[in-house]
Amino acid sequence: QECCHTPVCLLSEAVPISLLRHRRRSRGTLPPMSTMLALTYDESFSGEEVVGSWAGTVQSIKEFAGRSFFDRYELSTATQAGGSDGDDDSQSRAAGSEDGAESPSKKKANKQKVEGLKLSDNLKDKDLYKLLEVTEGCSDQELKKSYRNMVLQHHPDKKGADVTEADRLFFISIQEAYELLSDPARRKRYDSMQEFNDDIPNNFNKFRDDFYKEFGPVFERNSRWSGRRPVPQLGTPETPMAEVKKFYNFWYEFENTRDPAANAEMDGQEFHDLEDAECREERRWMERENAKIARVYKKHESQRVASLVKLAEKFDPRMIAEKEAKQAAKDAQKAAAQAEREAADRAKKEKAEAIAKAAAEKDAAEKEKKRKEKEAKDAARAATREARTKLRDLIKAPELAEAIHVAQFNEFIGLLPTEECIRLREETESTLGKGGAVQVLHDALLAKGLSPIKPEPEEDVSTTTGQEEQEISEDETDEARAARLKREEKERIAEAKRKEEQAAIAAKKAAEKAAEKAKREAEAEKKKAKEAAKEAAAVKKAEERARKEQEKAAQKAEELRLKEEENKRKQQEAAKAAAEAKKQAAEEERQAKIKAKELEWQSQIFEEQRTTYMDSISDEAMLASVKKAVEIPGVEGALAALKKLNPEEEEKISRCALILREAGAKEIDLAFPAPPQLTVTTALRNKMKKLRMRVRKCIATVLSESYTAAKKVHPAYKAIVDGSVEAVSDWKAPPTPAEILVLDEPKKVEAEEEAAAPVAEAAAPKKGKKKAAPKAEEDDLDAILADMGLQTQADDKKKKKKAKK
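Note that this is a predicted model, so its numbers are computed, not measured. (Residues numbered from 1 in each chain as written. Predicted model: local features only at pLDDT ≥ 70, side-chain atom pairs only at ≥ 80, totals over all residues. Heavy atoms only, no water.)

Trainee: Any chance you could explain the overall build of the protein chain here in plain terms?
Mentor: Looking only at helices and strands, the protein chain has 26 helices and 2 strands in total. Expressed as a percentage of its 805 residues, the buried residues of the protein chain come to 25%. In the protein chain, once contacts between residues fewer than 6 apart in sequence are set aside, the share between residues at least 24 apart is 74%. For the protein chain, the exposed area adds up to about 57800 Å²; of that, 53% sits on carbon and sulfur atoms. (Helix = DSSP H or I, 4+ residues; strand = E, 2+ residues; numbered from the N terminus. Buried < 20%, exposed > 50% of the residue type's maximum accessible area, 1.4 Å probe, protein only. Contact = heavy atoms within 4.5 Å. Areas by Shrake-Rupley, 256 points an atom, 1.4 Å probe, with all protein chains shown as cover.)

Put into structure tokens, the structure is as follows:
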């Protein structure tokens, strides 16, 4: 009745609730009574039974299922039926469900819950590490071991009836401190709540401040928050560049374990207490709000560390020197590439200019050649024309005109070349008037395969005609004669007209030919003038182009010169900077060598003094000196106060040694190791260790005695009793002699130069001299003979020369 919204029928047969389901049925039909089920949640049910149909028409499968339904109804029924023998897992899951926990199958990865760290009243204003007598960086095993020892020592049952309330509170404090520090998350939060200096050197001045002194302690201080170990430190100027880059890579990927929630609490932020949540939704809201605050402080912490790393890299002289060296190499490479490009451009330009010049010269030569060829052709044409004209004029002579066919010879002359025309004219002229000119002309025709045509003499024609006319006139009548005469007149008129027409045609052709010739000559002159103008324009254009190219080349040469001067200046500056850096590095190296030499001298002095002192001191004298120092006013009260504080045994002896040394017992300084900057031999170190054990044993003997406590510890010993003074040796080195601080570098450099000079002279080639062959074989042979105990003649000569000298 509690899990469904409609009444059901209670039948005599109960069906398990896990099988309570309803099959899909058609719309509008009711389920039969046989499908009605009974809900038997409780056998002791005494209410009124409600009978009715099931939920009615449904379109899908309905089933009560789920963890909450099972835990609330079926599990309770199974538990009642099975009693105490029920399933343990079911009970545990039911208990977990009542608490609102999620099942393991659906549980997601737990996110880190951000909440504040609350300390009990017993732990407030206390250093938990000192309370458990461990250091801040101790391991879990060391913490556990110290806790067990303190439990065995301070358990109330160990003290019996003498236990006080303060002892119980102290034991409770030990337990609570161990419980907090044994939890890694709470321990990290507690460490983050301690006082810490977050300052970084933002006001660093590279010209005034020392980079390593300013940034070294800051990185060392922040190393405590590193999640990776070991943590690389800043190093020194002599640190290799690979280690420097490894250092910056580590800090750029710094895994910060500092708890942001602790930072927020120290800054006054309030976190929601998850235990005050009334429900799961409110608890999740509190977690989200706490995480939001923590994210802000985590981001701020990451930015702080990143700013420190960037600032250090910016002012690191090692990184600056490497960047400058890379930039100088890059500039040099760029300048070399630029010089190569400019040289290539110059070569390309010179090649193009040479090609253009050669092309221009070739064009001019071709034009000159064409012009000369044209002039030669024109001259040959004129000579041919002149020779033919003279030959034609020659054959018009009466002696030749009557003996040759003029028309045939005119056509024949037009076919002859210039040389043959000249030769034929000369031969004709030489034979003219001698009766052989006609034969010369006929031979020329026959030589060309032509037959001379004999002209018909006019006199014969006229005679024949007169005879014919006489014969005709004798036979014909007057009418016939008149008709004949009339016809002849017409023929004469027609012939005259025809001759006039032929003359007109010939004159027209001659005029046309002359006009054509004049036109050709005019066109030739025009073309010649045009070509001359074109050639002049081309020459002018070439001169203009050459002038522009010269100006451009001069301008580019000037730019190249300026660039070369600029590159030279940059290279000089880079070389100067490199020389300065080299000089500075040499100076730093020299200072380091002087420092090492000074430390070596101090180590030697320390060893001599300690050896002399240890050989002269005895246990009795040391004990007497210690007891004498105890008698000084204030020392006994300081020792009593120290015994009251009761620190660790070794710490107690160290503080007591400091008090006695401050009182005047200088022998007590043997209770401390040598200063860390000094290099001590192994033999001396072992000897000092044995003596140190004896001195500390003597001090322990003094501490075993009882001393009267003073009302107030003497100011000279208060800081020592409190542990503020570091337990180290106070040995002071004497002033370093001046000769120790002087290096022999100049002599060394001169020696290196003198040694390098012969090598350079030997490496340099000499003119006119051949390189002497090595005498390695002879030397080897002499050495072999010497090893065999035999003396060579050369060795005897050398000995004689040495004796003479």
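Alright, that's what it looks like, and here's the rest.
Trainee: How should the packing of aromatic side chains be read in this particular structure?
Mentor: Inspection of every chain in the model, using the stated rule, returns 15 aromatic pairs. Consider the rings of Phe247 and Tyr248, whose centres lie 5.0 Å apart with planes at 75 degrees: the pair is edge-to-face. In this pair, the class of Phe247 matches that of Tyr248, namely buried. Ring centres of Phe250 and Trp251 lie 6.2 Å apart, and the angle between their planes is 75 degrees; this geometry places the pair in the edge-to-face category. With a relative accessible area of 11%, Phe250 lands in the buried category. By relative accessible area, which is 2% here, Trp251 ends up buried. The side chain of Arg224 reaches across the aromatic face of Trp225, ending 4.6 Å from its centre. (Phe/Tyr/Trp six-rings, centres within 6.5 Å; stacked < 30°, edge-to-face > 60°. Lys NZ or Arg CZ within 6 Å of the ring centre and 35° of its normal.)

Trainee: For this particular structure, what's the right way to read the pattern of salt bridges?
Mentor: For side chains bearing opposite charge, pairing can occur when the charged atoms are close. Going through the model one piece at a time under the given rule, you end up with 31 salt bridges. Of the charged contacts, one joins Glu429 and Arg425 as a salt bridge, the two residues approaching to 3.2 Å between their closest N and O atoms. Here Glu429 and its partner Arg425 are both found in helix α15 (residues 418–431), 4 residues apart, which amounts to about one turn of the helix. The partly exposed category is assigned to Glu429, whose relative accessible area is 40%. A relative accessible area of 14% places Arg425 in the buried class. Linking Arg547 and Glu551 is a salt bridge whose minimum nitrogen-to-oxygen distance equals 2.6 Å. Taken together, the positions of Arg547 and Glu551, both in helix α18 (residues 478–616) and 4 residues apart, correspond to about one turn of that helix. We classify Glu551 as partly exposed; its relative accessible area is 44%. Each of the salt bridges in this network shares a partner with another, and the network as a whole consists of Asp198, Arg258, Glu301 and Arg304. (Salt bridge = Lys/Arg side-chain N within 4 Å of Asp/Glu carboxyl O.)

Trainee: What is the right way to read a positive patch on the surface from this model?
Mentor: On the surface, Lys330, Lys334, Arg341, Lys552, Lys556, Lys563 and Lys570 cluster together to form a positively charged patch. Broken down by secondary-structure element, the contributors of at least two residues to the positive patch are α12 (317–395) and α18. Looking at the positive patch element by element, the count peaks at 4 residues for α18. Tracing the chain through its elements places Lys556 in helix α18. The class for Lys556 is partly exposed, based on a relative accessible area of 46%. (Patch = residues over 30% accessible without salt bridge, like charges linked within 9 Å, V, L, I, M, F, W, Y side chains within 5 Å. Lys, Arg positive; Asp, Glu negative; His and termini not counted. Charge placed at Lys NZ, Arg CZ, Asp CG, Glu CD.)

Trainee: What should I look at first to understand unusual backbone geometry in this one?
Mentor: You will see that Glu133, though not glycine, has its phi angle at about 60 degrees, which is positive. Structurally, Glu133 is set in the loop between α3 (128–131) and α4 (140–154). With a relative accessible area of 44%, Glu133 lands in the partly exposed category.

Trainee: Sorry if this is basic, but what is going on with the packing of helix α19 (residues 619–630) against helix α22 (residues 682–703) here?
Mentor: How two helices pack is summed up by the angle between their axes together with the distance between the axes. Interhelical geometry of α19 versus α22 gives an angle of 40 degrees and a closest axis separation of 10 Å. Taken together, the axes of α19 and α22 are oblique relative to one another. As α19 runs across α22, the sense of the crossing is right-handed. From α19, Asp619, Met622, Leu623, Val626 and Val630 reach across to α22, where they touch Leu691, Arg694, Val695, Cys698 and Val702. Taken together, the residues of the contact of α19 with α22 break down into 8 nonpolar, no polar and 2 charged. (Axes fitted to C-alpha atoms, helices over the stretch in contact; angles between N-to-C directions. Parallel < 35°, antiparallel > 145°, perpendicular 65-115°, else oblique. Left-handed = near helix turned anticlockwise from the far one by under 90°. Nonpolar A, V, L, I, M, F, W, Y, C, P; charged D, E, K, R; others polar.)

Trainee: How do you make sense of the nonpolar core when you look at a structure like this?
Mentor: Taken as a class, soluble globular proteins show a tendency for nonpolar side chains to be buried jointly. Leu639, Ile659, Leu660, Ile668, Val695 and Ile699 are the most contacted members of the largest nonpolar core, which totals 43 residues. Looking at this core, the elements with two or more residues in it are α18, α19, α20 (635–645), α21 (649–663), α22 and α23 (715–722). Counting residues per element, this core draws most heavily on α22, which supplies 8 residues. Not counting residues up to four positions away in its chain, the partners in contact with Ile668 are Val626, Ala657, Leu660, Arg661, Val695 and Ile699. Among the nonpolar cores identified, the runner-up in size contains 24 residues, and Leu234, Phe247, Phe250 and Ala312 belong to it. (Core = buried A, V, L, I, M, F, W, Y, C linked by side-chain atoms within 4.5 Å.)

Trainee: What am I meant to see in the packing of α12 against α15 here?
Mentor: Put simply, α12 and α15 touch, their axes get as near as 9 Å, and they point 30 degrees apart. Here α15 runs roughly parallel to α12, going by the angle between their axes. Regarding α12 and α15, the two cross each other, and that crossing is left-handed. Mapping the contact onto sequence places Ala380, Ala383, Thr384, Ala387, Arg388, Lys390, Leu391 and Leu394 in α12 and Thr418, Cys421, Ile422, Leu424, Arg425, Thr428 and Glu429 in α15.

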